[in-house]
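# Structural features, examined
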Amino acid sequence: MTVSPDRVRRRANTEALAEAAAAQIEALAAEATGRSGRFSIAFAGGSTPRELYAQLAKRNRCNWSSWWIAVGDERVVPSDHPESNAGMVCTTLLDRVGIPVNRRILPPVDESLTQAEIADRYDQSIRSLLAESDGAFDLVLLGLGADGHTASLFPGDTRCLTEMRRTVCAAQAPPEASVRERITLTYPVLLNARAIIFLVAGAGKRAVIGELLAGRGSRTAYPASRFVPNSRTYWYLDSQAAAGLPIAD
Ligand code: 6PG
């Protein structure tokens, strides 16, 4: 396996996975807050992290007043839309622990703005956030698609996959995606984070995670392969996604 075994954590189910990841996030937040007085985090979208965010709220062990929040990617839909990542993060965590609006650096999705305008504005917001965080997120949370995408960096989206100057770019999900218009943080931001946590669950991810952790799959075929190997990346897998992989529990 190309990834060091101590960077891969397998848990029996999504609840145990969420609990283990929450403990590491709490420790990272305490360390960052002790070091710089703040904790900057980009949250993953999709469905897998919902349980993690609910656990963080239930455990309520963080100094939330030091947290500065962004999202790794967003679907271009209103925040009250069921597909909104920002909406999901707010309802599962931010609203429950009372993170004030000024520390929620979220994409300005608005029907009066085009996808490109939203990306441009979010690019400016992320640049400002990073300028206050010594140039990097303390933590980026990421999910993994069965096609090897992460955030909204999709296979074949060459413009986004080669974007090395902007912090945010407009992306296009494949035709089968429920919402195709996306915006996403770019590799320079994601790869520069002080810590990166992938949360991967379900049998549908088994093939792709096996390829990734073995160091197979080109960077265009599997955008997430840019994170292998990477000493600051941790992989949290449930037993279905990790089935058959050489990982100690
Ligand atoms: C998104 C996510 C995306 C997600 C993966 C896994 O907006 O869809 O950012 O990268 O993390 O598609 O999604 P699930 O957790 O729903 O399987």
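### Thoughts on the packing of helix α2 (residues 50-59) against helix α3 (residues 85-97)
- Running from amino to carboxyl end, α2 crosses α3 at an angle of 5 degrees, the nearest separation of the two axes being 9 Å. Here α2 lies roughly parallel to α3, going by the angle between them. Each of Arg50, Tyr53, Ala54, Leu56, Ala57 and Lys58 in α2 lies in contact with α3, whose residues at this interface are Met88, Val89, Thr92, Leu93, Arg96 and Val97.
- Counted by class, the contact of α2 with α3 contains eight nonpolar, one polar and three charged residues.

### Remarks on the packing of aromatic side chains
- Scanning all chains against the criterion turns up seven aromatic pairs.
- For the pair Phe43 and Trp67, a centre-to-centre distance of 6.4 Å together with 25 degrees between the ring planes defines the contact as stacked. Residue Phe43 is found in strand β2 (residues 39-43), and its partner Trp67 is found in strand β3 (residues 67-71); the two are separated by 24 residues along the sequence. Exposure class is identical for Phe43 and Trp67. Each is buried.
- Ring centres of Phe198 and Phe227 lie 5.2 Å apart, and the angle between their planes is 75 degrees; on these two criteria the pair is classed as edge-to-face. Within this pair, whereas Phe198 is found in strand β8 (residues 196-200), its partner Phe227 is found in the loop between α7 (206-213) and β9 (233-238), the two being separated by 29 residues in sequence.

### Some points on the sheet that holds β3
- The sheet built from six strands is open, its strands ordered β1-β9-β8-β5-β2-β3 with parallel pairing. Among the strands making up the open sheet, the edge pair consists of β1 (8-11) and β3. Each adjacent strand pair in this sheet contributes to an overall mean axis angle of 20 degrees, direction not counted.
- Bridge count for strand β5 (residues 139-142) against β8 is three bridges, and the pairing is parallel. Considered in β8, the bridge of Leu142 is made with Phe198.
- Most of the contacts of helix α4 (residues 115-131) go to β3, to which it runs at about 150 degrees, and overall it touches β2 and β3.
- Here α7 sits on the sheet in contact with β1, β8 and β9, set at roughly 150 degrees to β9.

### Concerning the sheet that holds strand β6 (residues 168-172)
- Taken together, three strands build an open sheet; the order of strands is β4-β7-β6 and the sheet is antiparallel. Whereas interior strands pair on both sides, the edge strands pair on one side only; in this sheet they are β4 (73-75) and β6. On average, adjacent strands in this sheet sit at an angle of 25 degrees to one another, irrespective of strand direction.
- Note that β6 and strand β7 (residues 181-185) share five bridges and pair antiparallel.

### Brief notes about α4
- Helix length check: α4, at 17 residues, gives a terminal C-alpha distance of 24 Å against a target of 24 Å (1.5 Å per residue), a fit within 8%.
- By the burial criterion, the buried members of α4 are Gln115, Ile118, Ala119, Tyr122, Asp123, Ile126, Leu129 and Leu130. The arc that holds the buried residues of α4, viewed along the axis, is 140 degrees, so those residues lie on one side.

### Concerning the pattern of salt bridges
- This structure, assessed with the given rule, holds 11 salt bridges.
- Arg35 is the partner of Asp138 in a salt bridge, and the nearest nitrogen-oxygen pair spans 2.7 Å. Taken together, the residues Asp138 in the loop between α4 and β5 and Arg35 in helix α1 (residues 14-36) connect sequence positions 103 residues apart.
- Because the salt bridges share partners, they merge into one network encompassing Glu31, Arg35, Asp138 and Arg194.

Parameters at a glance
Residues numbered from 1 in each chain as written. Predicted model: local features only at pLDDT ≥ 70, side-chain atom pairs only at ≥ 80, totals over all residues. Heavy atoms only, no water. Axes fitted to C-alpha atoms, helices over the stretch in contact; angles between N-to-C directions. Helix = DSSP H or I, 4+ residues; strand = E, 2+ residues; numbered from the N terminus. Parallel < 35°, antiparallel > 145°, perpendicular 65-115°, else oblique. Contact = heavy atoms within 4.5 Å. Nonpolar A, V, L, I, M, F, W, Y, C, P; charged D, E, K, R; others polar. Phe/Tyr/Trp six-rings, centres within 6.5 Å; stacked < 30°, edge-to-face > 60°. Buried < 20%, exposed > 50% of the residue type's maximum accessible area, 1.4 Å probe, protein only. Pairing = 2+ DSSP bridges. Expected span 1.5 Å × (residues − 1). Arc of directions from axis to C-beta. Salt bridge = Lys/Arg side-chain N within 4 Å of Asp/Glu carboxyl O.

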